[in-house]
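Summary of the model geometry
This is what each chain is made of:
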Amino acid sequence: GSPPGGFGSSSDGRDGGGDSGDDHAALAKEYAHRFESLPEEIVALPASQLRRYLSVTDSGLGRWLAEVFPGWRARVAADPDFPFKMLMEETVGLGLTSTGMIAARGNRIWKELDFVFCDLSVGATLNFLLTWLLQPTLRSSAPTGGIGKFLARLPANAFSPSTPSIKYTVPLRLSGFLYKGALFAVVGFAAACTGTCLSYGLMGLRKAMGASSDEPQTQRPSILQNSLAWSAFMFVSSNPRYQTLAGLERGLFKFAPTPIAKVGCGAFRTANNILGGATWVLFARLTGIQERQQ
């Protein structure tokens, strides 16, 4: 996608009264938006970026998400390709996860749909958050406080383009990389804790109800052990992989024709998910979370 043009901008097409305001009003009308109802930070976008934003949010689910959720709107405004990237991440991630579950559980899958639904729900949430955290965002207000101002200067990911108000130096990019790694670790801990608690709860419920299971009985890690392992994995593996993916997609959508960029996006995200699954198996065996199968 094109570099965000509205970071920290305070200009407003409504107040200009000139050709810029007229152009923006015409664009809003073209895409069936009421110009007066558009948020100020959206109206302040350059005309070319506004057109891309309106084309993505012109109808259906995209328009509803932009109207209801400011965070979604800010990310789409900064990168109109964001909805497609999120769609690819969820489609690829859930598709590969489902395939792996079918292969691992075999015929048992029909007896364990509760576990399957639990795993898919946690996985979908995790995929969403990892993609969400690395997306550039259109800022509508100035940060406050020393920590808030420092974090506001960090790039969304290590390969984000500099903005008109901030030039991302190597120290800033490195700080942003480590900061997002810490957020990934927190998300990984929370997701693993939630997923493990749900799985153990379902097993306890099944046992209380006398339901049988054909699942092989193996020693299971504790909730804390599993959560810490996932937290570490998110920092050392998922963070660099997803940041590299963000950089590859930035170049892809900037230089390649849109159809090729979208195909490449799907291919990159498929490779990233496969690599993530393979490295998790190695990491889990190394940390003792998963026993090596004979």
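These numbers come from a predicted model, not from an experiment. (Residues numbered from 1 in each chain as written. Predicted model: local features only at pLDDT ≥ 70, side-chain atom pairs only at ≥ 80, totals over all residues. Heavy atoms only, no water.)

Right, let's talk about the overall build of the protein for a bit. Each helix and strand in the protein was counted, giving 12 helices and zero strands. Along the protein, helices and strands appear, N-terminal first, in the series α-α-α-α-α-α-α-α-α-α-α-α. In the protein, which comprises 294 residues, the share counted as buried stands at 41%. Sequence separation of at least 24 residues holds for 68% of the intrachain contacts in the protein that already meet a minimum separation of 6. Accessible area for the protein stands at about 15,600 Å²; split by element, carbon and sulfur atoms hold 64% of it. (Helix = DSSP H or I, 4+ residues; strand = E, 2+ residues; numbered from the N terminus. Buried < 20%, exposed > 50% of the residue type's maximum accessible area, 1.4 Å probe, protein only. Contact = heavy atoms within 4.5 Å. Areas by Shrake-Rupley, 256 points an atom, 1.4 Å probe, with all protein chains shown as cover.)

A surface patch of nonpolar side chains, amounting to about 410 Å² of accessible area, comprises Leu61, Trp64, Val68 and Phe69. Here Leu61 shows up in helix 5 (residues 60–68). (Patch = residues over 30% accessible without salt bridge, like charges linked within 9 Å, V, L, I, M, F, W, Y side chains within 5 Å. Salt bridge = Lys/Arg side-chain N within 4 Å of Asp/Glu carboxyl O.)

What follows deals with the side chain of Arg75. Residue placement: Arg75 occurs in helix 6 (residues 70–78). Of note is the side chain of Arg75, whose polar atom sits 3.3 Å from the backbone oxygen of Trp132. Contact partners of Arg75, with chain neighbours within four places excluded, come to Phe82, Trp132, Gln135, Pro136 and Thr137. (Polar contact = N/O pair within 3.5 Å; in protein donor to acceptor, adjacent residues only side chain to side chain.)

As a further point, take the nonpolar core. By size, the foremost hydrophobic cluster in this structure holds 21 residues, and its most contacted members are Ile42, Leu45, Leu50, Tyr53, Leu54 and Trp72. Listed by contribution, the elements that provide at least two residues to this core are helix 2 (19–30), helix 3 (40–43), helix 4 (47–56), helix 5, helix 6 and helix 7 (82–105). In terms of residues, this core owes the most to one element, helix 6, which gives four residues. The contacts of Ile42, once residues within four sequence positions are left out, are Leu50, Tyr53, Arg73, Ala77 and Leu138. (Core = buried A, V, L, I, M, F, W, Y, C linked by side-chain atoms within 4.5 Å.)

This part covers the side chain of Thr196. Of note, Thr196 is situated in helix 10 (residues 170–209). If sequence neighbours within four positions are ignored, Thr196 has contacts with Ile223 and Asn226.

A separate point is the environment of Leu275. With respect to the helices and strands, Leu275 occurs in helix 12 (residues 258–287). Judged by its relative accessible area of 45%, Leu275 is partly exposed. The sequence separation of Leu275 and Ser237 amounts to 38 residues, and the corresponding C-alpha distance is 9.6 Å.

What follows deals with the packing of aromatic side chains. Per the stated rule, a full pass over the model turns up 11 aromatic pairs. With a centroid separation of 4.2 Å and an interplanar angle of 20°, the aromatic rings of Trp230 and Trp280 are classed as stacked. Linking Trp230 in helix 11 (residues 223–255) with Trp280 in helix 12, this pair joins segments that are 50 residues apart in sequence. In this structure Trp280 comes out as buried when scored by relative accessible area, which is 14%. Here the aromatic rings of Phe233 and Phe283 are separated by 5.6 Å at their centres, their planes lie at 55°, and the arrangement is tilted. Taken as a pair, Phe233 in helix 11 and Phe283 in helix 12 lie far apart in primary sequence, 50 residues in all. Of the two residues, Phe233 and Phe283, neither departs from the other in class, the shared state being buried. Joined through ring pairs, the aromatic side chains of Trp72, Phe82, Phe128 and Trp132 make up one cluster. Above the face of the Phe84 ring, Lys262 is positioned so that its terminal group lies 5.0 Å from the ring centre. (Phe/Tyr/Trp six-rings, centres within 6.5 Å; stacked < 30°, edge-to-face > 60°. Lys NZ or Arg CZ within 6 Å of the ring centre and 35° of its normal.)

This paragraph deals with the pattern of salt bridges. Under the counting rule described, the total for this entry stands at seven salt bridges. In this structure, the salt-bridge partner of Arg105 is Asp119, at a minimum N-O distance of 3.6 Å. Highlighted residues: Arg105 in helix 7 and Asp119 in helix 8 (residues 113–133), separated in sequence by 14 residues. Ionic pairing is found between Glu249 and Arg269, a salt bridge with its closest N-O pair at 2.8 Å. Within this pair, whereas Glu249 is found in helix 11, its partner Arg269 is found in helix 12, the two being separated by 20 residues in sequence. Grouping residues by exposure puts Glu249 and Arg269 together as buried. Here the residues in one salt-bridge network are Glu89, Glu249 and Arg269, joined through shared partners.

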